[in-house]
Amino acid sequence: MPETILIASDHAGFELKEKLEAELRSLGYRVQDLGPASDASVDYADFAHPLAERISHGDAARGVLLCGTGLGMSYAANRHAHVRAAVAWTPEIAALSREHNDSNVLVLPARFVGDDEGRAILKAWLDTPFAGGRHERRVEKIEIADPS
Ligand code: RB5
């Protein structure tokens, strides 16, 4: 059974969302697009919260969010328990966010990465496992400040 990846954006991330969704499908993932359906102006939190809620409840293991800087989406997503949303603007940061921080949401700053860069960041994030070990203890300590 292929892994299902949730994806959502605001208007600034819409175009790259459509491209990364196609990329995910071509890599063999199932994708659930939580919107928006066009590049009309929307508020990022309206799309970050539903995706993060589903990750938090375990409906899906991983998701991808996109907005202009990646910041608004990450602020909103990280308010949900067990969500570790990482803004990544290089493949190395994306890989480290998995390896060291066990990120379960990748957040892309769509106004600051090109299409090929976006695909490379996504691929690095998808393919990198959590290293565990000493990082396990550090990640567990994040939940001490669980907001829920
Ligand atoms: C929208 O103009 C922009 O503010 C949004 O995409 C994002 O960058 C917010 O953090």
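As a reminder, the structure under discussion sits directly above these lines.
Worth saying up front: this structure is predicted, and the values here are computed from it rather than measured.

## Notes on the site of the ligand
Around the ligand sit Asp 10, His 11, Ala 12, Tyr 44, Cys 67, Gly 68, Thr 69, Leu 71, Gly 72 and Arg 111, and those are all the residues in its vicinity. A distance of 2.6 Å separates an oxygen atom of the ligand from a polar atom in the side chain of Asp 10. Arg 111 places a side-chain nitrogen or oxygen 3.2 Å from an oxygen atom of the ligand. Class assignment for the residues of the shell around the ligand results in four nonpolar, four polar and two charged.

## Description of the environment of Ile 7
Considering the arrangement of structural elements, one finds Ile 7 in strand S1 (residues 4-9). Judged by relative accessible area, which is 0%, Ile 7 ranks as buried. When near neighbours in sequence (up to four residues on either side) are disregarded, Ile 7 contacts Lys 17, Leu 20, Glu 21, Leu 24, Val 31, Gln 32, Asp 33, Leu 34, Gly 35, Leu 51, Val 64 and Leu 66.

## Some thoughts on the packing of aromatic side chains
Per the stated rule, a full pass over the model turns up zero aromatic pairs. Residue placement shows Arg 62 over the ring face of Trp 125; its charged tip is 5.0 Å from the ring centre.

## What to know about unusual backbone geometry
Of note, the bond from Gly 35 into Pro 36 is cis; its omega dihedral lies within 30 degrees of zero at 0°. Relative to the helices and strands, Pro 36 is located in the loop between strand S2 (30-33) and helix H2 (45-56). For His 82, which is not a glycine, the phi torsion comes out positive at approximately 70°. With respect to the secondary-structure elements, His 82 resides in the loop between helix H3 (71-77) and strand S4 (85-87). Even without glycine at this site, Asp 102 takes up a positive phi of about 50°. With respect to the helices and strands, the residue Asp 102 is situated in the loop between helix H4 (91-99) and strand S5 (105-109).

## Considering the pattern of salt bridges
Tallied over the entire structure, the rule returns twelve salt bridges. The salt bridge partner of Arg 62 is Glu 3, with a shortest N-O separation of 2.9 Å. Of this pair, Arg 62 sits in strand S3 (residues 62-67) while Glu 3 sits in the segment before S1, and the two are 59 residues apart along the sequence. Judged by relative accessible area, Arg 62 falls into the buried class, the value being 9%. Between Asp 33 and Lys 17 there is a salt bridge; the shortest N-O distance is 2.9 Å. With Asp 33 in strand S2 and Lys 17 in helix H1 (residues 14-26), this pair connects stretches of sequence that are 16 residues apart. What makes Asp 33 partly exposed here is its relative accessible area of 32%. Through salt bridges with shared partners, a single network forms among Glu 15, Lys 19 and Asp 115.

## Let's talk about the sheet that holds S5
The strand order S2-S1-S3-S5-S4 describes an open sheet built from five strands, whose pairing is parallel. Pairing within the sheet leaves two strands with one partner each, and these edge strands are S2 and S4. Neighbour to neighbour, the strand axes of the sheet diverge by 25° on average, direction disregarded. Of the strand pairs in this sheet, S4 and S5 are connected by three bridges, and their pairing is parallel. In the sheet register, Ala 86 faces S5, and the bridge partner there is Leu 106.

Reading the values: rules and limits
Residues numbered from 1 in each chain as written. Predicted model: local features only at pLDDT ≥ 70, side-chain atom pairs only at ≥ 80, totals over all residues. Heavy atoms only, no water. Near = heavy atom within 4 Å. Polar contact = N/O pair within 3.5 Å; in protein donor to acceptor, adjacent residues only side chain to side chain. Nonpolar A, V, L, I, M, F, W, Y, C, P; charged D, E, K, R; others polar. Helix = DSSP H or I, 4+ residues; strand = E, 2+ residues; numbered from the N terminus. Buried < 20%, exposed > 50% of the residue type's maximum accessible area, 1.4 Å probe, protein only. Contact = heavy atoms within 4.5 Å. Phe/Tyr/Trp six-rings, centres within 6.5 Å; stacked < 30°, edge-to-face > 60°. Lys NZ or Arg CZ within 6 Å of the ring centre and 35° of its normal. Salt bridge = Lys/Arg side-chain N within 4 Å of Asp/Glu carboxyl O. Pairing = 2+ DSSP bridges. Axes fitted to C-alpha atoms, helices over the stretch in contact; angles between N-to-C directions.

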